Amino acid sequence: MAATTNGNGYKVIGTRPIRHDGVDKVTGRAKYGADYSFPGMLFGKVLRSPHAHALIKSIKTDKAAALPGVKAIMTSADLPELADKMEAAGEQAINLAHLSANILARGKVLYDGHPVAVVAATSVHIAEEALRLIEVEYEALPAVMSVEDAMKPGAAILLPTLRNKEEGADKPTNVASHLQFKRGDVAAGFKEADFIVEREFKTAMVHQGYIEPHNAVGIYSADGHATIYCSTQGTFVVRSLCSAVLGIPEGKIKVVPAEIGGGFGGKTTVYLEPLSVLLSRQTGAPVKLVMTRGEILRATGPTSGSTIRCKMGATNDGKLVAAECWLAYEAGAYPGSPVGAGAMTIVTPYNIPNILIDAYDVVVNRPKTAAYRAPGATNAAMASETVVDELAEKCGIDPIEFRRMNGSHEGTPQTVGPPFKAVGFLETLEAIKNSPHYKSKLTGPNRGRGVASGFWFNVGLQSSATVNIHTDGTVSVVTGSVDIGGTRAAQAMIVAEVLGVDVNDVRPVVADTDSIGYTDVTAGSRTAFATGWAVYDAAQDTLRQLKERVAKTWEKKPEEVAFENGRFVPASGNGVKPMTLKELAPRLARTGGPIIGRAAVNARGVGPSFVTTLIDVEVDPDTGKVKILRVTVAQDVGKAIHPSYVEGQMHGGTAQGIGWALNEEYFYDDKGILRNTGLLDYRMPTCLDLPEMETIMVEVPTPGHPLGIRGVGEVPIVPPPAAIANAIYRATGVRMLELPMSPPRLMKAMLKKRASGDSQAAAAD
């Protein structure tokens, strides 16, 4: 791989090597969290609430404890009491108390599936039998399931201590927070508009749909140290959260990352990990817990359902002049929905001089939400991109041209933060406009073509990396970033590029929390950007040290050694024989010892991402079923380190967006009990529901990054629902304002339109 050039000045970056962990995964040798087993290991199971909202009057565990094989039973009474810290430490301690109560309910349950007790036994079956013997007395309370109901005066209060500054310090509320972003004069802007579109949208709560269940193995040692094996997107997050919840110093907790069978933002917090340590401390044995699919859907973090009102205005010539947006997101049982991100992204693709955005984080009797790929942005784009499409139609302007006329570019002010640096939004629009898909004709009845765009700001944060040179000239690169999207290969490619070696001679390693410097969670589209930056710097540090060793060998100064085409050469070209890394490596012991390159970054200057998605659909007029005919995705990817994995991210995010658009939703009954707790009823798209996707990678490098990397994993999920809604409109004449646009919901809208048309025709007669 190192011997070929890809046309961009790189020899490795931009090529498509086979992923380094591929063989282990396809042969079954890779170890996932539930694969770990230890001598004397016990098995844990969690008792969960059958109510959406209820007081816990009593918990009796005597019968369960007497069952042979049961070794420990614990409730929230066995967790450290955190309430005394809340007033002194403020919001951080309150969030910690909420996290602790989400792990094991304190005093009341707040959603169907809320953990109430946990058992450790010598087998899973005994643990399950013990759960049935635990007697819990509940006092049922009214379930508050929607943001509208939660925000009504007199609504049942979920958290008696929750306060909102706007509503007063003495008034309990279900509205955890209210954010507002404002620019210009919205009233004046709407007066300037020739066309105004105002719509209300609803999106359903959906799950990330990762295939691997949550799991954890906890081992608490006699010396007070704990080791956790688990499936997580962030080992250091697990360490810090377990430390806080259990009162164990971080330095006494080691978290070992297993391979991960999907996360998409849903494995960035803790559920089972503290329980495994707590049970291990009580029993003196390793304890494993693994969730069932029903537990995952009932009691881990989905993303928020939402209600969004979006009003936008444009002049006759297609200039967007004002936008007013109201967003209320379901936080679940505890505060922390991604409504802030929704507010920060909803109109950011466009240069609108007058904006007013109000965003509300609302607690409801549903599981505490977690991140899901560009969290909050997909809900928001469903609203704004549908309204933009309608405005383009009213102006008589092609929907892509309308977006281009108003699109953000370098220098455009963001909703929050400084003006954009170099971004590729306009380039994605141009790429779609020039694509074979857009230039093709869509023929046939009940078919429509829709387009939508999306934005995600991405993050940087902290990462560490080391690069080790081995005596045979091979290299290992060690990071703390769990690989959920091919980042092992990307890190190896960066090292191979800098050191001029074959990418197959670089071994990427994901280390535990004791073996690498602090590294933030694999999320926010930060890993290739920030950890890649740390790897690049560590490789450069390695190269500097190698030059020093070559200089010592040649009896020259380090500045007299150059590195070209994978070889060390004299800078002055004075006839010294060039040397490769493989030739130098065996001499390291004689020239100073091992070489370890190190780097740590707190990455700044993040490059945000834009994407434009074009989708063709066919609607069955008799059933309302939507068939996806063709999809093209154009995304600004900064610099594609491994193009195949970038394309994979574009495919994956788009597929998830399509599922969100057409089928996926949490369905609760009138008592707040989740009714679709399996993947037969919670329907994600399969290969039978999706066409081959066409991808266009636009490369506008991120300014300031040594390789121009821009996060790519999240933004592809943002536009598909709106693009499909716009396509459905062109196929049926119906504007869909609610997700998912499932066959029953779409059929109802089409029948309503037909009835309206028949009535108008009858009136005309």
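Our structure's up above, just so we're on the same page.
What comes next concerns the included structure.

Rules and cut-offs
Residues numbered from 1 in each chain as written. Predicted model: local features only at pLDDT ≥ 70, side-chain atom pairs only at ≥ 80, totals over all residues. Heavy atoms only, no water. Helix = DSSP H or I, 4+ residues; strand = E, 2+ residues; numbered from the N terminus. Rg over C-alpha atoms; globule rule 2.2 N^0.38 Å. Contact = heavy atoms within 4.5 Å. Areas by Shrake-Rupley, 256 points an atom, 1.4 Å probe, with all protein chains shown as cover. Lys, Arg positive; Asp, Glu negative; His and termini not counted. Charge placed at Lys NZ, Arg CZ, Asp CG, Glu CD. Phe/Tyr/Trp six-rings, centres within 6.5 Å; stacked < 30°, edge-to-face > 60°. Lys NZ or Arg CZ within 6 Å of the ring centre and 35° of its normal. Buried < 20%, exposed > 50% of the residue type's maximum accessible area, 1.4 Å probe, protein only. Pairing = 2+ DSSP bridges. Core = buried A, V, L, I, M, F, W, Y, C linked by side-chain atoms within 4.5 Å. Salt bridge = Lys/Arg side-chain N within 4 Å of Asp/Glu carboxyl O. 1 Å grid on protein atoms, 1.4 Å probe; cavity = no way out; pocket = protein on both sides within 12 Å on 5 of 7 lines; lining within 4 Å. Points joined across faces, edges and corners; volume = space filled by probe spheres on them. Nonpolar A, V, L, I, M, F, W, Y, C, P; charged D, E, K, R; others polar. Expected span 1.5 Å × (residues − 1).

Let's shift gears to the overall build of the protein. A tally of helices and strands in the protein yields 21 helices and 28 strands. The globule rule puts the C-alpha radius of gyration for 765 residues at 27 Å, and the 28 Å found for the protein is close to it. Overall size of the protein, expressed as C-alpha extent along the three principal axes, is 100 × 75 × 50 Å. Sequence-distant contacts in the protein: of pairs separated by 6 or more residues, those separated by 24 or more amount to 79%. Total accessible area on the protein stands at roughly 29,400 Å², and carbon and sulfur atoms take up 52% of it. Positive and negative side-chain charges in the protein, numbering 79 and 80 respectively, have mean positions lying 3 Å apart.

Let us now look at the packing of aromatic side chains. Per the counting criterion, the structure on display carries 16 aromatic pairs. Between Tyr36 and Tyr229, the aromatic rings sit 4.7 Å apart at their centres with planes inclined by 35°, giving tilted as the arrangement. Here Tyr36 is found in the loop between helix 1 (22–27) and strand 1 (42–48), whereas its partner Tyr229 is found in strand 12 (residues 226–230), with 193 residues between them in sequence. Look at Phe455 and Phe457: their rings are 6.5 Å apart centre to centre, the planes differ by 65°, and that puts the pair in the edge-to-face class. In this structure an aromatic cluster arises from ring pairing among Tyr350, Phe420, Phe425, Phe455, Trp456, Phe457 and Phe610. For the cation-ring pair, Arg281 lies above Tyr220, with the distance from its terminal atom to the ring centre recorded as 5.6 Å.

Within the secondary structure, Phe563 sits in strand 22 (residues 561–564). The spatial distance from the C-alpha of Phe563 to the C-alpha of Leu543 is 8.6 Å, given a sequence separation of 20 residues. Ignoring anything within four residues of it in the chain, the contact list for Phe563 reads Val498, Leu499, Gly500, Leu543, Lys547 and Phe568.

With that settled, consider the pairing of strand 25 (residues 596–603). Burial along strand 25 is one-sided: Gly597, Ala599, Val601 and Ala603 are buried, and none of Ile596, Arg598, Ala600 and Asn602, which face the opposite way, are. Here strand 19 (residues 461–469) runs beside strand 25; their pairing, made up of eight bridges, is antiparallel. Residue pairing for strand 25: Asn468 is matched across the bridge by Ile596.

Turning next to the nonpolar core. In terms of nonpolar packing, the biggest core is built from 98 residues, with Met312, Ile724 and Met741 touching the most fellow members. Ranked by the residues each element gives to this core, the list is headed by helix 12 (residues 377–395), at 10 residues. Judged by nonpolar contacts, the second largest core, of 47 residues, contains Val467, Met493, Leu584 and Val601.

All right, on to the pattern of salt bridges then. Scanning the model with the defined rule gives 41 salt bridges in all. Arg19 is the partner of Asp483 in a salt bridge, and the nearest nitrogen-oxygen pair spans 3.9 Å. With Asp483 in the loop between strand 20 (475–479) and helix 16 (487–499) and Arg19 in the segment before helix 1, this pair connects stretches of sequence that are 464 residues apart. Between Glu259 and Arg488 there is a salt bridge, with its nearest N and O atoms 2.7 Å apart. With a gap of 229 residues between them, Glu259 in the loop between strand 13 (253–257) and helix 9 (273–283) and Arg488 in helix 16 connect regions that are remote in the sequence. Overall, the relative accessible area of 13% leaves Arg488 in the buried class.

Right, let's talk about the layout of surface pockets for a bit. Size it by volume and the second largest pocket reaches roughly 530 Å³. If you trace the second largest pocket, you find 23 residues lining it, with Asp24, Glu259, Arg488, Arg507 and Pro508 closest to the centre. Looking at the lining of the second largest pocket, the elements with two or more residues in it are helix 1, strand 13 and strand 21 (506–510). Examining the composition of the lining of the second largest pocket, we find that five residues originate from one element, strand 21, more than from any other. A class-by-class count of the residues in the lining of the second largest pocket yields 12 nonpolar, two polar and nine charged.

Compared with an ideal rise of 1.5 Å per residue, which puts 28 residues at 40 Å, helix 17 (residues 527–554) spans 39 Å between its outermost C-alpha atoms and is within 8% of the ideal. Most of helix 17 is tucked away: 20 of the 28 residues are buried. Looking one or two residues past helix 17, Glu555 carries a phi angle of roughly 60°, positive in sign.

What follows covers the sheet that holds strand 23 (residues 567–570). Ordered by their spatial adjacency, three strands build an open sheet running 22-23-24, and the pairing between neighbours is antiparallel. In the strand order of this sheet, the two ends are held by strand 22 and strand 24 (579–580), each with one partner. In the sheet, strand 23 pairs with strand 24 via two bridges, with the strands oriented antiparallel. The residue bridging Phe568 from the neighbouring strand is Met579, located in strand 24.

Time to look at the environment of Leu680. Within the secondary structure layout, Leu680 lies in the loop between helix 19 (643–662) and strand 28 (693–698). With relative accessibility at 82%, the residue Leu680 sits in the exposed group. Between the C-alpha atom of Leu680 and that of Val118, which follows or precedes it by 562 residues, the distance is 28 Å.

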